[in-house]
Each structure stands twice: as C-alpha cells, then as structure tokens.
Amino acid sequence: MYGAKGDGVTDDSVAFQFALNNEINKPVYVPHGKYLLTQDLHMWQNNSNFYCDGTLIVHNCKALKITSSRNNVYIRKIDSTTENQGIGIYIGASTSAFPYYNNIDIDHIVNLEKGILFEPDAGGIAYTVIHFKEIIATYGIRFEPTENTGSFINENIFYGGAITSPNPISTVKNGATDPYNGNKFYNIALEYCSGGMNFEWFQYNRFLNCRFSKWENSWGNNFITLDDASTDNYFNFAIVFSNQIHQSENCINIFDGQIKFDDGTDNGLTIGRTGIQIGSTTIIRQDNKYDVYDLINAEKVELIDEIPTIDLTNLTYAIEGHTYRLEGLTENTTFKLPQGYWYGKALYLYVHIIDEIQVTLYHEEDRLVTLEGSGLYKIECNPSRSWIATKID
C-alpha cells in the first residue's frame, strides 16, 4: 500500500498519510503486518474509511489523529516501541473543526501513555461511538481539553472492553466551557488497575453494566472521585475484588455521590451483594465506619462494620422513585435493607433474609411476585403481563 513495508522496522508514516490524503471517499485497507509510525496519522477529511488488520506501532506520536466527521475506523492493534509512550486514538477539535458522528472500532491498545484521548481546542467533540476490547495505558480514556475556552465533550458512547491503567477513566476541566455531559460507558471492565476514576466538570453521564475486577491498589487512591462541579452522574458497577472486598459481585448505584477509602487495610467495602442508591450523598469509610442515609426514614446514620439490620413486619422502601413493600416477615425476622435498581425493563433486587422465609413483593398495592429466601432476583413482566422472579445467584 503506497510503499508501506509492514515489517515493524521501516517507517511507514508517509505511505499511510499519502493513502488517507488521496483515497477520498474510498476505503483505505491495511493488511496484516507490523507498521511503524513516527508521525501522527491524521484523518482530516470527512467521510473517510480506514480498516487496519495489522498492528500500528507508534514511536512518540499519535497512531490516529481525527479532526473530521463521519469517519469509520477499524484497527486490530495499536502498540508502542517504548512502554508508556505515544497515543492510540486522538480526537481533537477547534473552532473550525468539530468532529461529530465518528465510528471507531479497536481490538487492542497496549503499552501507550494515553489509550483514547479527547482534546478539543476551543471546539467540540460529540456523537462519537467507540468499541474496544482492551486498553493498557497510563491513561485509559481521557478527556483533556487545552486551556483555550469554548471546548465541550458531549454525547459520546464507549463500549468495552477491559481497561488496565493507573488512571482508567478521567476528565480534567482546563478550558472546557460546558460540563462534559451525556457521555455513556457500557460493559467496561476495569481490571488490575492501580488507581481509581477521577472526574472534573462531569455532569449527567452514565456508566451501565460496568465492572471493577482484580483491583491492584491498596486503597491509597479513591475508588471514584468527583469534584464539586461533577453532579447528576449515574454509576452502575458490578464489583469483583480480590482481597479488597470480602464478597464479590456487589452492585453499586450512585447518583451524584462519592465513595472514598482512606486506609490501606484489606477490609474493603463489606456490603455483600447489596445495591446502594445515593441522592446527592457521599459514603465515606474511615477506620471501618460508614456514613450513609437510612432510605426508610431519610435520616443520616453512622454505622460500624456493616450495613444495618431492620426488624419490621412490613417493610416499605423506595427504588428509583417507586415505592415497594415486602410482606410475610415476622417480628423476629432479621434481614438487611433490600436494595435494587432498574436496568432496561427488569428490576434487579437483592434481598438478604437471615431466616430464609418466603416473602411477597408489592409495588404500591399491586402484588408482583413471591421471593423464596435470600438472593439476587431479576423481576420482569412476561408477555402475558404477569410478573416473574428469577433467582440469579
């Protein structure tokens, strides 16, 4: 292809750039091979198509720099000649270039300083869709505009994929004018990370069906940290920690909230398979103490070592603005506060009943389902309009 060798030694930068400059409205196809790049590969024309079945090896440059719109990209792998140097996918904007509606599919980004970088310069990036399988980089996904004012990063979608990084997903304000909003992150697994997610200027964004797994940090950093301007975000994570959390597959729902840990013990967050919903609330653990809100009485309570137990014959509680009731408990029944969340058209509810009795779940005054003891239930309406509960753990 335009003189590219694909031997991993010859610099193929000029050949690649020539192809992108001249194959207007035609797909550029790169076969298997290892292609060394020492200069940024710049996709500056709209409606370009770039398909690479080989490996792009960057040497202190950007594998692909996108400043145009409506492009389609597939790359099998991006690697670096030197560990923790170079950038995989770079999307930049200016007052004369607003990259919109790009579709990017990458299998592997490894050994780079920054895997995916959004860096507008007084311009905006929006409606980009990125699929990836693996990112190993110092910064996994990063929003980092220049200091020039007028930048925004809105309504982009990321589908994972695993990220291994000391900074897996992070944003910084710099010259951004509007808070980053409407961005969505689906099915992303953060594995072997040595640091948490850090957000500035981050509002109305969504993380759905994501996972923390095999956490490498001794809790020296925060799990999720948001600055004062970062509000109204939704995080839905299944958590599978080794050593850091005693019980796996916790589901945590956070609305405008923070979870912080301040010691180096291996106690982690001992909440079992419970979901936590927080409205403008912070859970802070210090020396095994928790500050949380009692969802029944809307009172702040301080707990030591565990989530509270409640003894009630009929328990009424709220999930995402809807009122539910458990019936069938006795005065001597002890169980932990049920928690749940809606995902799609199904309600996921975790119930922990020490006495393992049968209870009935109501929504308002409508009977939904009968639950047989403790467990995580998926509750959904079938085609005959009746509700069914499936125990999934």
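Structure shown above.
I will try to describe carefully the structure that is included in this document.

So, how was this worked out
- Residues numbered from 1 in each chain as written.
- Predicted model: local features only at pLDDT ≥ 70, side-chain atom pairs only at ≥ 80, totals over all residues.
- Heavy atoms only, no water.
- Salt bridge = Lys/Arg side-chain N within 4 Å of Asp/Glu carboxyl O.
- Helix = DSSP H or I, 4+ residues; strand = E, 2+ residues; numbered from the N terminus.
- Buried < 20%, exposed > 50% of the residue type's maximum accessible area, 1.4 Å probe, protein only.
- Contact = heavy atoms within 4.5 Å.
- Pairing = 2+ DSSP bridges.

Turning our attention to the pattern of salt bridges. For the structure on display, the rule yields five salt bridges. A salt bridge links Lys 62 to Asp 40, with the nearest nitrogen and oxygen atoms 3.4 Å apart. Taken together, the residues Lys 62 in strand S6 (residues 62-66) and Asp 40 in the loop between strand S3 (34-37) and strand S4 (42-43) connect sequence positions 22 residues apart. Across the pair Glu 155 and Lys 184 runs a salt bridge whose closest N-O atoms are separated by 3.6 Å. Here the residue Glu 155 occupies a position in the loop between strand S12 (152-154) and strand S13 (157-159), and Lys 184 occupies one in strand S17 (residues 184-186), the gap between them amounting to 29 residues. Relative accessible area serves as the criterion here: at 31%, Glu 155 is assigned to the partly exposed category. Under the relative-accessibility criterion, Lys 184 is labelled partly exposed at 24%. Put simply, Lys 114, Arg 142 and Glu 144 are held in one network by salt bridges that share partners.

This brings us to helix H1 (residues 13-22). Buried residues of H1: Ser 13, Ala 15, Phe 16, Gln 17, Ala 19 and Leu 20, and no others. Structurally, H1 contributes buried residues whose contacts are with strand S1 (7-11), strand S2 (27-30), S3, S4 and strand S5 (49-58).

Attention now moves to the environment of Asn 84. With respect to the helices and strands, the residue Asn 84 is situated in the loop between strand S7 (72-80) and strand S8 (87-93). As a C-alpha pair, Asn 84 and Tyr 139 span 55 residues in sequence and 9.1 Å in three-dimensional space. Setting aside chain neighbours within four positions, we find Asn 84 in contact with Asn 111, Leu 112, Glu 113 and Thr 138.

Before going further, it helps to examine the pairing of strand S9 (residues 103-120). Across six bridges, the pairing between S7 and S9 is parallel. Residue pairing for S9: Tyr 74 is matched across the bridge by Asp 105. Pairing between S9 and strand S11 (residues 129-143): 12 bridges, direction parallel. When the sheet's bridge partners are listed, Asn 103 is paired in S11 with Val 129.

A few words on unusual backbone geometry. Residue Gly 161 follows Gly 160 across a cis peptide bond; omega there is -20°. As for its placement among the helices and strands, Gly 161 is situated in the loop between S13 and strand S14 (162-164). With a phi close to 55°, Asn 60 is a non-glycine residue in the positive phi region. The backbone of Trp 201 shows a phi angle near 60°, a positive value even though the residue is not glycine. For Trp 201, the position within the fold is in the loop between strand S19 (197-199) and strand S20 (202-203). Given the relative accessible area of 17%, Trp 201 is considered buried.

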